[in-house]
Amino acid sequence: MTPGSTSETRAPARRSRAGALALRLTGRLAGGVFVLWAVATLTFFAIRLIPGDPAQAVLGGPGSQASEEALAAARAEYGLDQPILVQYLLQLGRLATGDFGSSYSLRTEVAPLLLSQLSGTLLLAGLSLAIAWLLALLVATWTTRGTRAAEWVGSGLEIVGAGLPHFWLATLVILVFSVGLGWLPPISTPGPLGLVLPVLTLAVPLAGFLGQVMRESLLDALDSPYALSARARGESETGVRLVHALRHAALPGISLSGWAFGYLISGAVVVETIFARPGLGRTLLNAVTLRDVPVVIGVVMIVALTYILVTVLTDLLGRIVDPTARA
Amino acid sequence: MTDLLRVEGLRVAFGERDVVRGVDLRVGAGECLAIVGESGSGKSVTARALLGLTGGRVDADALALNGRSLLGLSERKWREIRGREIGLISQDALVSLDPFRPIGREIGDALRLHTRMSASARRGRVLETLAEVGLPDPALRFGQRSGDLSGGQRQRALIASAVVSRPPLIVADEPTTALDVTVQAQILDLLRSLTREGAGLVLISHDLAVVSAIADRIAVMSDGVIVEEGPTSRVLTSPVAEQTRALIAAVPFGRPRGSRLSAGGPAASAGPLTAPASSPTPALRATGLTKTFRLPGRDPLTAVADVSFELPAGTTLGLVGESGSGKSTTARLVLALTTPDAGEVQVEGRPWSALGESARGPHRRLMGAIYQDPLSSFDPRLSVRDILGDAIPRDIADGRTARLAEARRLLGTVGLDDGLLDRRPLHLSGGQRQRVSIARALAPRPRILICDEPVSALDVSVQATVLDLLDELQRELGLSYLFISHDLGVIQHVSDTVAVMEAGRIVETGPTEQLFREPRHPYTRRLLDSAPRLPV
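Residues numbered from 1 in each chain as written. Chains lettered and ligands numbered in written order. Predicted model: local features only at pLDDT ≥ 70, side-chain atom pairs only at ≥ 80, totals over all residues. Heavy atoms only, no water.

The name that an unreviewed UniProt entry assigns to chain B is ABC transporter ATP-binding protein, with the source organism given as Amnibacterium flavum. The record held by UniProt for chain B lists under Sequence similarities (unreviewed entry) the comment "Belongs to the ABC transporter superfamily." (UniProt positions renumbered as here; feature names shortened; annotations may be inferred.)

Going by an unreviewed UniProt entry, chain A carries the name ABC transporter permease and comes from Amnibacterium flavum. Quoted verbatim from the Subcellular location (unreviewed entry) heading of the UniProt record, the comment on chain A is "Cell membrane". Recorded in UniProt for chain A, the comment headed Sequence similarities (unreviewed entry) runs: "Belongs to the binding-protein-dependent transport system permease family."

Rendered as structure tokens:
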């Protein structure tokens, strides 16, 4: 690189920035549609790989003593007697029109069933994400205050946190806070108190991941020439963090948050089951156990859709934090 | 007259290491004191100590601003001094403003922190300051981020952020490093004008020529102490300390080709170089080279337009121009790393750019290259031994012992000790790294060396040793150099012929001496006027 980069070509670039952003969003949406199709296809065929007769599932699972006639009737009702390719295309067509079919086991429409479960899981995931961010920022900010010991403690906490499996952590917090101390219910009761332990279980490992990536860039930012300039203007250490460094540190955390949302949903399967909390995760687990194909596909599609939306959102958020990012 | 700044016996230590060991300074209002020294001499640490920002253990007999002692100030009191009483223009102008924030807010921060001015009053003062530091169209600049500005504009914005609350003392640490010469001259003018308005200025630099234009007094720093201090003209004309003399000798401008810039080494080889003219065919010939880059969403950029030159064998062609003038693209075209849109490069009279890569490949070793930043061209995990080992062709040395011997020989050629063989690039100094990169370039025994800003990231004194080395190598090995630099002083010192590039075109070519004596093109003249030099 030669010294003193020039910028005479910036004006046209600026003008086209809005256009480029629109193009990028369009691309993202097209990519999203592709992902949804791929998810639907993969799920459809993956479920077919599970041994056993789906018609059996319709009639109450493997244990049921359904007659051959009943099975044939069920196959006809759900189109299971068609060739698999026809079934697949029919399924795709239904999904494209928003028709998720009806549950084998619950005998209700899948769409309203899932919508009723979605809010609980979204609340759980959203709260966990927020708490994870808060924890990660607190630990990263606290432990980059200068001393080496604090840094060791900080990164140690993050590594341990990131390594905790959900099922183990859930058991631990129940033992400590419910059984031992008796502060909180071991089962997720309605109301804010019931949320504390599930959110804690999901947030702590995620905070470990977030903290690890943010600590690194926070340290870089605090050591950067612009931080020195800020200090030389009379900015306090807190000011340097709030005005400059945290913004730079947040950037990798934001990119990670898209992934984190997927991580939280998969964690929700475990957490909702352990805390007996209604939600998509538990619905998914039950549906897989009962081989309830329409519900499984529905849950997977909704999760994929949410994941795509969250990714686009984090992308936009990243652009707000870093206005210099190129489309 | 009371001194604006008075420093006595300043000592700074990091752990067990004493970096500044008893420095005395005084600066009056309206005066410019330059602290000059090599990297590692402690000058930047001294500068930061003036703002209480070293991070090390600071101790002094006296440290007073306007008669008020700054010793033992609490962090809170220091924050009141920083930005209000003392402004710092920190090193690395290009990255010293937060890239995410509009520069108007960066500049206004000092006012936000030190005054009770309203947001609109702050904005007014920032706009005023932007105009004062010579940024055209302040209202537009206010909302731009540093990435939207050119290097010179960024430096002006950074200066604005240091002076916006009118501090009586300004500390500028290498304020013109990484700037083009013409921009450098403008920034120095700006700093000068600040002192005329009554501010005291402490200017830190490794380059005597840069500071000589504006400093009232010069303090030469070496190894944590000031070895010489006095009025600029006296220090430059009758230097007492050995370190001062070395710094003066290292300035390449006005030093004839072939004369040594650094002390030590064989002086016998010095003297005017007569081109060996070993071959009538030029080592390199470029005809009508043109390269246009088309990026989506941008106007096409013609980086190199109809560039022609000839590099006679065994001589140096200096290619000089400012950043963005197309020098590096020209180098890439010559190295056949980029394919020209039009025109041709010939090497030793044979086609080069017109060949396919399979035909060119075996001949690539004819040409070596060295760059501004050797560190980024080394695999950081490799030791010097491996770096050189990878570059030595099998037919020159095969087998472990032979290759090791060849690596040692190469290190010797570039004046480095065998002891460095097991070091990794990160643990080498800037000068050592560039020497290793020269050794690597020499490993396949090339006849042509493309040197792209090889000394631009080095201190003047280290630059001197590297330039001397390149000169010796040329004599001993009969190498031909295409030498690219933005620094006219360096170009004048190393080149037999000079080509001046502006906006992708060569605007003037000629023998070095003639071109510098009678520049014809206005751009050449402008470059020449801006080049830092010692007053004679």
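So, next bit.
(A) Spotlight on the overall build of chain B. From N to C terminus, chain B includes 19 helices and 21 strands. Against the compact-globule benchmark of 24 Å for 536 residues, chain B has a radius of gyration of 25 Å, which places it among compact chains. In terms of principal-axis extent, the alpha carbons of chain B reach across some 70 × 50 × 45 Å. A burial count over chain B gives 56% of its 536 residues as buried. Relative to all contacts within chain B whose residues are 6 or more apart in sequence, the contacts with residues 24 or more apart total 68%. When the accessible surface of chain B is totalled, it reaches about 21,900 Å², and 50% of it is carbon and sulfur. (Helix = DSSP H or I, 4+ residues; strand = E, 2+ residues; numbered from the N terminus. Rg over C-alpha atoms; globule rule 2.2 N^0.38 Å. Buried < 20%, exposed > 50% of the residue type's maximum accessible area, 1.4 Å probe, protein only. Contact = heavy atoms within 4.5 Å. Areas by Shrake-Rupley, 256 points an atom, 1.4 Å probe, with all protein chains shown as cover.)

(B) Inspection of the sheet that holds strand 15 (residues 342–347) of chain B at higher detail. Within the open sheet, the four strands sit side by side as 13-12-15-16 (chain B). Their pairing is antiparallel. Each of the sheet's edge strands pairs with one partner strand only, and the pair in question is strand 13 (301–311) and strand 16 (350–351) of chain B. (Pairing = 2+ DSSP bridges.)

(C) A look at helix 10 (residues 242–250) of chain B. Residue and element names in this part refer to chain B. Within the span of helix 10, buried status applies to T244, L247, I248 and A250. Take helix 10 and look down its axis: the buried residues cluster within an arc of 165°, on one side only. Close packing links the buried residues of helix 10 with strand 3 (32–36), helix 8 (208–212), strand 10 (217–222), strand 11 (225–231), helix 9 (232–237) and helix 16 (460–477). (Arc of directions from axis to C-beta.)

(D) Here's a closer look at the interface of chain B and chain A. Taken together, the 47 residues of chain B in the interface contact 33 residues of chain A. Where chain B abuts chain A, roughly 3,300 Å² becomes buried across the two surfaces, and 53% of that area is made up of carbon and sulfur atoms. In this structure, the salt-bridge partner of B:E106 is A:R233, at a minimum N-O distance of 3.4 Å. Here chain B is connected to chain A by nine residue pairs in polar contact (both at pLDDT 80 or more). Listing elements by their share of the side of chain B that touches chain A, those giving two or more residues are strand 7 (86–89), helix 3 (103–114), helix 6 (151–163) and helix 11 (327–334) of chain B. (Buried area = accessible area lost by both parts, 1.4 Å probe. Salt bridge = Lys/Arg side-chain N within 4 Å of Asp/Glu carboxyl O. Polar contact = N/O pair within 3.5 Å; in protein donor to acceptor, adjacent residues only side chain to side chain.)

(E) The side chain of B:Q474, seen in detail. All names here are of chain B. The residue Q474 is located in helix 16 in this model. Looking at Q474, the relative accessible area reads 3%, which means it is buried. At 2.9 Å, the side chain of Q474 and the side chain of T316 are in polar contact.

(F) Looking closely at the domain arrangement of chain B. The assigned domain composition of chain B is domain 1 (86–166) and domain 2 (284–530). Using C-alpha coordinates to define each centre, domain 1 of chain B is positioned 38 Å away from domain 2 of chain B. (Domains from an automatic or database assignment.)

(G) Broad picture of the sheet that holds strand 9 (residues 200–205) of chain B. Residue and element names in this part refer to chain B. With mixed pairing, six strands are arranged side by side in an open sheet as 7-8-9-3-10-11. Among the strands making up the open sheet, the edge pair consists of strand 7 and strand 11. Going from strand to strand, the sheet's axes swing by 15° on average, the running direction of each strand aside. In this structure, strand 8 (residues 169–173) lies alongside strand 9, joined through five bridges in parallel fashion. When the bridges of strand 9 are listed, A172 appears paired with L203. Of the strands in this sheet, strand 3, strand 7, strand 8 and strand 9 touch helix 7 (residues 181–196), which is tilted by about 150° from strand 9. Strands strand 3, strand 10 and strand 11 of the sheet are contacted by helix 10, whose axis makes an angle of about 105° with strand 10. (Axes fitted to C-alpha atoms, helices over the stretch in contact; angles between N-to-C directions.)

(H) Just the UniProt feature "domain: ABC transporter" (unreviewed entry) in chain B, in detail. With numbering aligned to this structure, UniProt lists the feature "domain: ABC transporter" (unreviewed entry) at residues 5–248 and 284–528 of chain B. Between the end C-alpha atoms of residues 5–248 of chain B the distance is 27 Å, and the span holds 38% helix and 26% strand.

(I) Quick look at the UniProt feature "transmembrane region" (unreviewed entry) in chain A. Under the local residue numbering, the UniProt record ascribes the feature "transmembrane region" (unreviewed entry) to residues 21–47, 122–143, 164–184, 190–210, 256–275 and 295–317 of chain A. Taken end to end, residues 295–317 of chain A is 100% helix and 0% strand, and its first and last C-alpha atoms sit 32 Å apart.

(J) Fine view of the domain arrangement of chain A. Residue and element names in this part refer to chain A. In terms of domains, chain A is made up of domain 1 (31–107) and domain 2 (109–321). Between the C-alpha centres of domain 1 and domain 2 the distance comes to 34 Å. The interface of domain 1 with domain 2 comprises 23 residues on the first partner and 18 residues on the second. Together domain 1 and domain 2 conceal approximately 2,000 Å² of surface at their shared face, both sides included; 75% is due to carbon and sulfur atoms. Among the residues domain 1 hides against domain 2, the three largest losses belong to L36, I47 and F100. Together they make up 28% of the total. Between domain 1 and domain 2 we count zero residue pairs in polar contact (both at pLDDT 80 or more) in total. Put simply, the parts of the chain that give the side of domain 1 that touches domain 2 at least two residues each are helix 2 (17–49) and helix 5 (84–96). The biggest single contributor to the side of domain 1 that touches domain 2 is helix 2, with nine residues.

(K) Local environment of the packing of helix 3 of chain B against helix 6 of chain B. All names here are of chain B. Contact geometry for helix 3 and helix 6: axes closest at 7 Å, N-to-C directions at 25°. In this view, helix 3 runs roughly parallel relative to helix 6, as classed from their interaxial angle. Along the contact surface, helix 3 presents I103, E106, I107 and A110, while helix 6 presents A157, A160 and S161. Taken together, the residues of the contact of helix 3 with helix 6 sort by class into five nonpolar, one polar and one charged. (Parallel < 35°, antiparallel > 145°, perpendicular 65-115°, else oblique. Nonpolar A, V, L, I, M, F, W, Y, C, P; charged D, E, K, R; others polar.)

(L) A look at the nonpolar core. Residues and elements named next belong to chain B. I159, L191, L208, I218 and I438 are the most contacted members of the largest nonpolar core, which has 102 residues in total. Mapped onto the domain boundaries, this core takes at least three residues apiece from domain 1 (86–166) and domain 2 (284–530). Ignoring sequence-local partners within four residues, the contact set of I159 consists of I89, V133, I187, L190, L191 and L194. Listed in part, the 35 residues of the second largest apolar core include I35, L63, I86 and L88. (Core = buried A, V, L, I, M, F, W, Y, C linked by side-chain atoms within 4.5 Å.)

(M) Structural detail: the pattern of salt bridges. According to the stated counting rule, one finds 44 salt bridges over all chains in the structure shown. Measuring nitrogen to oxygen at the nearest pair gives 2.5 Å for the salt bridge that ties A:E237 to A:R231. By relative accessible area, A:E237 is classed as partly exposed at 27%. On the accessibility criterion, A:R231 (14% relative accessible area) is buried. As a salt-bridge pair, B:D471 and B:R257 come within 3.4 Å of each other at their nearest N and O atoms. Linking B:D471 in helix 16 with B:R257 in the loop between helix 10 and strand 12 (284–293), this pair joins segments that are 214 residues apart in sequence. Relative accessible area serves as the criterion here: at 13%, B:D471 is assigned to the buried category.

(N) Main features of the packing of aromatic side chains. Going through the model one piece at a time under the given rule, you end up with nine aromatic pairs over all chains. With a centroid separation of 5.6 Å and 55° between ring planes, the pair formed by A:F44 and A:Y88 is classed as tilted. Placement of the pair is A:F44 in helix 2 and A:Y88 in helix 5, with a sequence separation of 44 residues. The exposure class assigned to A:F44 is buried, which follows from its relative accessible area of 2%. By relative accessible area, A:Y88 is classed as buried at 9%. With 6.3 Å between their ring centres and 65° between their planes, B:F253 and B:F516 make a pair best called edge-to-face. Within this pair, whereas B:F253 is found in the loop between helix 10 and strand 12, its partner B:F516 is found in helix 18 (residues 512–517), the two being separated by 263 residues in sequence. No difference in accessibility class separates B:F253 from B:F516, as the two residues are buried. Here a set of aromatic residues connected by ring pairs shows up, and it is made of A:F44, A:F45 and A:Y88. When the ring centre of B:F142 is taken as reference, the NZ or CZ atom of B:R123 above it lies at 4.3 Å. (Phe/Tyr/Trp six-rings, centres within 6.5 Å; stacked < 30°, edge-to-face > 60°. Lys NZ or Arg CZ within 6 Å of the ring centre and 35° of its normal.)

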